[in-house]
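These are the residues of each chain, in order.
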Amino acid sequence: MSRAILPGATVGVLGSGQLGRMFALAARRMGYRVHTFSPGDDTPMGQVADREAVGDYADLDAVAEFASRVDVVTFEFENVPFEAARTASEHVPVRPRGEVLHTAQHRQREKDFLHGAGFPTAPFEHVPDRATLGGALERLGTPAVLKTAGFGYDGKGQAVIHAPEQAEEAWQSIGAGEAVLEGFVEFEREISVVAARGCDGEFAHYGVTENRHRDHILDVSIPDPDIDPKITANAVEIARGVLEALDVVGVLCVEFFLTHDGELVVNELAPRPHNSGHFSFDACVTSQFEQQLRAVCALPLGDTRRLRPSAMVNLLGDLWDNGMPDWRAALADPSLKLHLYGKADARPGRKMGHMTAFGDDGEDAARRVIAAREALTRRP
Ligand SMILES: Nc1ncnc2c1ncn2[C@@H]1O[C@H](COP(=O)(O)OP(=O)(O)O)[C@@H](O)[C@H]1O
Ligand SMILES: [Mg+2]
């Protein structure tokens, strides 16, 4: 058995965004101290952490100094250089291990891992440079999606190619040195499974969540959608297989496309808590953030059971276009849960917060939470 890291200990987090903020809130509630390391200051996580260390992920001396002052290191952001994880691991356990990040932060390595391990993916081609794009398009056909190999999020660094003539424009628009071309999947819907694995291989999952996107950014998540239980079981087994194959200690989300024939296609992996698991903060016995804490501290995993049917909406910076959203109007629903991430600058498309509502079932909760979001910008 791995030695447990107990309350009173200090957990270090590489990254400082909203995922780290919610992790810190969960960890502090259980009596842990939390330190964050990132290039920013007054960050969403730094505002609620015991210590906000500011440094570049490539500054390995700074990473070493950070790691030497904590008992375990985890992540809330996967685009940390592998070297930073390795440096931290010379001082304390790093969970999940740096190799998990290394795989999940690069679409080609991620696709190679998934394909090699026998998990279903869309057909894909490696596009190391502009010269190889034409051949890749010939082999895959159109429509296809060109994605940067690294540093993509919220649909950034992606372009759909409908005809070979659009290759140049797509290449320019993603501005990539290295890319992956994927076959376009005509999906019926998008779903995800957030799951956790403990130090001794214990596994827990949050079932299937349906994710509705707008402009490639997650808009609404509804846990436990009405789909064939066989598909749910299959998705959970794929997630279990991925966490085992990567030897993950921590939380990992598998994003899927569900096709019209009921086939599951793995879209991508996120080796950390995920936006589609935010409902768990208010609607589960154990949130995905507490679960991450339990996993990386070698504690028993918590119960993922739902307290009530729920749904979550993201709050993007666009909601601030005509001034401060009307929080009182949304909170007129007394069971609505409002989460804001402490970001001062409300840019369009930026994730500023989220809301979770409850209902008789997921669709009822979704109607309520969407209505609450509409109330935010309704002017008298
Ligand atoms: N191959 C594809 N076929 C169809 N839609 C896609 C494909 N790849 C991405 N998308 C759409 O774009 C969204 C964002 O793409 P994703 O690869 O998950 O990148 P990100 O890192 O931005 O989340 C997906 O959730 C999906 O809606
Ligand atoms: Mg995605």
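The structure this text deals with has already been given above.
The written sequence of each chain sets the order in which its residues are numbered from 1. Chains and ligands are labelled sequentially in the order written, the chains with letters from A and the ligands with numbers from 1. Where totals are concerned, whole chains, interfaces and linings use all residues; where local detail is concerned, this predicted model gives features only for residues with pLDDT of at least 70, and gives and counts side-chain atom pairs only at 80 or more. The side-chain values count all of the structure's non-hydrogen atoms but skip hydrogen atoms and water molecules.

A.B. asks: Honestly, the coordination of the magnesium ion (ligand 2) in this entry has me stumped. Any pointers?
C.D. replies: Reference geometry at the metal: tetrahedral coordination by four donors gives ideal angles of 109.5 degrees; octahedral coordination by six donors gives 90 or 180 degrees. Each metal's donors are the N, O and S atoms within 2.8 Å of it, or within 3.2 Å when it is Na, K or Ca, and because water is not part of the set, sites may look incomplete. At 2.0 to 2.8 Å from the magnesium ion (ligand 2) lie its protein donor atoms, namely E255 (OE), E255 (OE) and E268 (OE). Note that E255 is positioned in strand β12 (residues 250-259) and E268 in strand β13 (residues 264-270), a separation of 13 residues in sequence. In this structure E268 comes out as partly exposed when scored by relative accessible area, which is 22%. The numbering of helices and of strands both runs from the N terminus, where a helix is a DSSP run of H or I of at least 4 residues and a strand a run of E of at least 2. Categorising residues by exposure relies on relative accessible area from a 1.4 Å probe, with only protein chains included: less than 20% of the type maximum marks a residue as buried, more than 50% marks it as exposed, and the intermediate range marks it as partly exposed.

A.B. asks: Please clarify how the environment of E52 should be interpreted in this entry.
C.D. replies: Along the polypeptide, E52 turns up in strand β3 (residues 51-54). By relative accessible area, which is 27% here, E52 ends up partly exposed. When the C-alpha atoms of E52 and G40 are compared, they prove to be 8.9 Å apart, with 12 residues separating the residues in sequence. Any pair of residues with heavy atoms lying within 4.5 Å of one another is described as a contacting pair. Those residues in contact with E52 that sit more than four places away from it in its chain are T36, G40, D41, D42, T43 and G46. Here the side chain of E52 touches D42 through a polar contact of 3.0 Å, landing on its backbone nitrogen. Identification of polar contacts relies on pairs of N or O atoms within 3.5 Å, with a donor-acceptor requirement for protein atoms, meaning one able to donate a hydrogen and the other able to accept it, and with residues adjacent in sequence counted only if both atoms are side-chain atoms. Engagement of the side chain of E52 in a polar contact is seen with the side chain of T43, the distance being 2.5 Å.

A.B. asks: Would you mind showing me how to read the environment of G175 here?
C.D. replies: Mapped onto the elements of the fold, G175 is located in the loop between α7 (167-174) and β8 (179-183). The class for G175 is exposed, based on a relative accessible area of 62%. Sequence separation of G175 and T36 is 139 residues, and the distance between their C-alpha atoms is 31 Å.

A.B. asks: What's the story with the sheet that holds strand β5 (residues 124-127) in this structure? I'm lost.
C.D. replies: The pairing of strands in a sheet comes from backbone hydrogen bonds and takes either a parallel or an antiparallel form. Pairing between strands requires that DSSP locate at least two bridges from one strand to the other. The strand order across the open sheet formed by four strands is β5-β8-β6-β7, and the pairing between neighbours is antiparallel. A strand with exactly one partner marks an edge of an open sheet, and here the two such strands are β5 and β7 (158-161). Averaged over neighbouring strand pairs, the angle between their axes works out to 20° when direction is ignored. With five bridges joining them, strand β6 (residues 144-148) and β8 adopt antiparallel strand pairing. Pairing of A144 across the sheet is with G183, part of β8. Lines are fitted to the C-alpha atoms to define the axes, a helix being fitted only along its stretch in contact, and any angle between axes, read from their N-to-C directions, falls within 0 to 180 degrees. Each of β5, β6, β7 and β8 touches helix α5 (residues 107-116); the most contacted strand, β5, lies at about 145° to it.

Read these as spatial facts, not as claims about activity.
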